Amino acid sequence: MTSSFPDSEGLLDPDGARAYLADWKSRIDRKAADTQAMSDRLGELRVTAEDGNGIAEVTIDSGGVLVDLRLTDRTQRVAPEVVSRAVLGALREARRKAAEQSRQIITETLGADSPAAHAIADRLDDQLRDGE
């Protein structure tokens, strides 16, 4: 596979130009398929985490949006501010885990050496860990 543009002699050769364009299209198609696979996997990602005291369990999506919250009966024996801290602690842990899992998905689908993978993973990491 040639990754650079053909020299002027190759441009004048119709077969060389077709081969170059076919190679270029193949690489673009692979990148598009990899990007779609990454997007699909991230769209399916759900991460669940608990606080350290067994009071709250949260589930978030890959964007850090809360999709489920479960409180145990321990909430009846502690002050409301303790419950609040438990929920926020579980949410921080879920976001940390989501950032790690998202980075893994991105690296697996786009490649560890991909500048796009690093940029996407960094942006998601910033989004998920915002406020920490």
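Up top is the structure.
Residues numbered from 1 in each chain as written. Predicted model: local features only at pLDDT ≥ 70, side-chain atom pairs only at ≥ 80, totals over all residues. Heavy atoms only, no water.

> Help me get a handle on the overall build of the chain, residues and values and all.
In terms of regular secondary structure, the chain is built from 4 helices and 3 strands. In sequence order, the secondary structure elements of the chain are arranged as α-α-β-β-β-α-α. In summary, the chain has a C-alpha radius of gyration of 23 Å against a globular reference of 14 Å for 132 residues, an excess of more than 25%. For the chain, the spread of C-alpha atoms along the three principal axes comes to 80 × 20 × 15 Å. The buried share of the chain, reckoned over its 132 residues, is 28%. Across the chain, every contact between residues at least 6 apart in sequence was considered, and the portion connecting residues at least 24 apart equals 49%. Of the roughly 8600 Å² of accessible surface on the chain, a fraction of 51% belongs to carbon and sulfur atoms. Positive and negative side-chain charges of the chain, numbering 18 and 25 respectively, have mean locations separated by a distance of 5 Å. (Helix = DSSP H or I, 4+ residues; strand = E, 2+ residues; numbered from the N terminus. Rg over C-alpha atoms; globule rule 2.2 N^0.38 Å. Buried < 20%, exposed > 50% of the residue type's maximum accessible area, 1.4 Å probe, protein only. Contact = heavy atoms within 4.5 Å. Areas by Shrake-Rupley, 256 points an atom, 1.4 Å probe, with all protein chains shown as cover. Lys, Arg positive; Asp, Glu negative; His and termini not counted. Charge placed at Lys NZ, Arg CZ, Asp CG, Glu CD.)

> How would you explain the layout of surface pockets if you had to name every residue and give the values?
Over the atoms, a rolled probe matching the size of one water molecule traces out where space is still vacant. Put simply, the largest pocket is a space of about 200 Å³. Lining the largest pocket are R27, R30, K31, D34, T35, T109, L110, S114, A116 and I120. Each residue belonging to the lining of the largest pocket can be placed in one class, and the counts come to 3 nonpolar, 3 polar and 4 charged. (1 Å grid on protein atoms, 1.4 Å probe; cavity = no way out; pocket = protein on both sides within 12 Å on 5 of 7 lines; lining within 4 Å. Points joined across faces, edges and corners; volume = space filled by probe spheres on them. Nonpolar A, V, L, I, M, F, W, Y, C, P; charged D, E, K, R; others polar.)

> Give a description of the pairing of strand β2 (residues 56–61) that names residues and reports values.
For β2, a buried count of 5 out of 6 residues is recorded, marking the element as mostly surrounded by other parts of the structure. Judged from the 5 bridges that link them, strand β1 (residues 46–50) and β2 form a sheet pairing that is antiparallel. Residue pairing in the sheet places R46 in a bridge with D61 of β2. Where β1 hands over to β2, the hairpin turn is made up of 5 residues, of which G54 adopts a positive phi near 70°. Here β2 pairs with strand β3 (residues 66–71) via 5 bridges, running antiparallel. Within the sheet, the bridge partner assigned to I60 lies in β3 and is L66. With antiparallel pairing between neighbouring strands as the criterion, β2 and β3 make up a hairpin whose turn holds 4 residues, including G64 at a positive phi of roughly 90°. (Pairing = 2+ DSSP bridges.)

> Explain the sheet that holds β3 residue by residue, including any values.
The strand order β1-β2-β3 describes an open sheet built from 3 strands, whose pairing is antiparallel. Edge strands, defined here as strands with exactly one partner in the open sheet, are β1 and β3. Looking at each pair of strands side by side, their axes are set apart by 15° on average, direction ignored. (Axes fitted to C-alpha atoms, helices over the stretch in contact; angles between N-to-C directions.)

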